[in-house]
Amino acid sequence: MARGTMHAPKPEGQRRRRNAPTHGETVLPADDGTLRGPELAELTAGREFRAETVAWFDDWRRSPQAAIFERTDWRRLATLAPIVDAYWRRPSAAALSEIRMNEERLGATVVDRMRARMRIESDAEAAEGDLPAGVTSLTERRAGLRDRLA
């Protein structure tokens with residue numbers, strides 16, 4: 001996807017350039033509200049934060065992206081927490097810019113996830129994971145047909 005556009009990439013068969021993607025798509029689990037990762041207090045040695053900052057951190061812990069976060073990703077959020085806390089106390093363009101840039105790297109918005117080739121699993125896809133033995137999922141069947149037609 002070109003930077004700055006809101007358009008999704010074209011389907012493989014319609015693309016002019018046939019270069020293979022440098023990396024595949026990451027499918028994130030559907031939003032189930034599960035708290036993942038450490039608590040903010042664990043990463044910041046018990047430092048006190050405003051309720052808005054703790055809620056911001058917990059939103060990240062509940063996000064589908066949190067399922068693939070590594071220790072370094074949690075550390076980045078913990079490093080960013082004081083800036084978020086300062087922003088809630090006294091909003092500034094500089095703080096907001098830093099927050100936005102760091103959140104972009106972690107896939108905060110739809111466009112950020114599209115650039116990173118992340119996709120949140122739909123409810124239908126999640127249900128397909130529980131198919132009985134011998135039954136092919138619709139997604140796998142479509143992929144097989146696309147491969148044969150290409």
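It should be noted that the structure appears before, not after, this text.
Parameters at a glance
- Residues numbered from 1 in each chain as written.
- Predicted model: local features only at pLDDT ≥ 70, side-chain atom pairs only at ≥ 80, totals over all residues.
- Heavy atoms only, no water.
- Helix = DSSP H or I, 4+ residues; strand = E, 2+ residues; numbered from the N terminus.
- Buried < 20%, exposed > 50% of the residue type's maximum accessible area, 1.4 Å probe, protein only.
- Contact = heavy atoms within 4.5 Å.
- Areas by Shrake-Rupley, 256 points an atom, 1.4 Å probe, with all protein chains shown as cover.
- Salt bridge = Lys/Arg side-chain N within 4 Å of Asp/Glu carboxyl O.
- Expected span 1.5 Å × (residues − 1).
- Bend = angle between axes of the 7 residues up to and from the residue.
- Axes fitted to C-alpha atoms, helices over the stretch in contact; angles between N-to-C directions.
- Left-handed = near helix turned anticlockwise from the far one by under 90°.
- Nonpolar A, V, L, I, M, F, W, Y, C, P; charged D, E, K, R; others polar.
- Parallel < 35°, antiparallel > 145°, perpendicular 65-115°, else oblique.
- Core = buried A, V, L, I, M, F, W, Y, C linked by side-chain atoms within 4.5 Å.

A.B. asks: So what's going on with the overall build of the chain? Residues and values would help.
C.D. replies: Secondary structure summary: the chain contains 7 helices and 2 strands in total. For the chain, the N- to C-terminal ordering of α and β elements is β-α-α-α-α-α-β-α-α. Split into buried and exposed, the 150 residues of the chain put 25% on the buried side. Counting contacts in the chain only where the partners sit at least 6 residues apart, residues at least 24 apart contribute 66% of the total. Just so you have it, the chain exposes about 10,600 Å², and 52% of that area is on carbon and sulfur atoms.

A.B. asks: Describe the pattern of salt bridges, and please don't skip the residues or the numbers.
C.D. replies: Summed over all chains, the structure comprises 8 salt bridges. Between E104 and R100 there is a salt bridge, with the nearest N and O atoms lying 3.0 Å from each other. Note that E104 and R100 are positioned in helix α4 (residues 93–105) at a spacing of 4 residues, about one turn of the helix. On the accessibility criterion, E104 (16% relative accessible area) is buried. A relative accessible area of 47% places R100 in the partly exposed class. Taken together, the salt bridges that share partners define one network made up of R100, E104 and R105.

A.B. asks: Tell me about helix α2 (residues 51–62), residues and numbers included.
C.D. replies: Over its 12 residues, α2 runs 16 Å from end to end, which matches the ideal 16 Å to within 8%, given 1.5 Å per residue. Turning to α2, its buried residues number three or more, namely T53, W56, F57, D58, W60 and R61.

A.B. asks: Hey, could you go over helix α3 (residues 71–89) for me, with residue numbers and the actual values?
C.D. replies: For α3, with 19 residues, the first-to-last C-alpha span of 28 Å sits near the 27 Å given by 1.5 Å per residue. A81 marks the point of greatest bend in α3, at about 35 degrees, and the proline P82 comes within the next four residues. For α3, the set of buried residues is W74, L77, A78, L80, A81, V84 and D85. Buried residues in α3 make contact with α1 (40–43), α2 and α4.

A.B. asks: Tell me about the packing of α2 against α3, residues and numbers included.
C.D. replies: The interhelical angle for the contact between α2 and α3, taken along N-to-C directions, is 150 degrees, at an axis separation of 9 Å. Judged by the twist between their axes, the crossing of α2 over α3 is right-handed. Contacts from E52, T53, W56, F57, W60 and R61 of α2 reach α3 at W74, L77, A78, L80, A81, V84, D85 and W88. Across the contact of α2 with α3, the residue classes tally to 10 nonpolar, 1 polar and 3 charged.

A.B. asks: Pulling in residues and values, what's your account of the packing of α3 against α4?
C.D. replies: One way to put it is that α3 packs onto α4 with a least axis distance of 9 Å and a crossing angle of 150 degrees. Taken together, the axes of α3 and α4 are roughly antiparallel relative to one another. Where α3 crosses over α4, the handedness of that crossing is left-handed. When α3 is examined against α4, the residues R76, L80, I83, V84 and Y87 are found in contact with a partner set consisting of A95, L96, E98, I99, N102, E103 and R105. Residue composition of the contact of α3 with α4, grouped by class: 7 nonpolar, 1 polar and 4 charged.

A.B. asks: Would you mind going over the nonpolar core in detail, with residue names and values included?
C.D. replies: Burial of nonpolar side chains together is a common tendency in soluble globular proteins. Membership of the largest hydrophobic core comes to 16 residues, with the highest contact counts inside it found for W56, F57, W60, F69, W74 and L77. Mapped onto this core, the elements with two or more residues apiece are α1, α2 and α3. Per-element tally for this core: the top contributor is α3, with 6 residues. In contact with W74, other than residues within four places in its own chain, are R36, G37, P38, L43, F57, W60, R61, A66 and F69.

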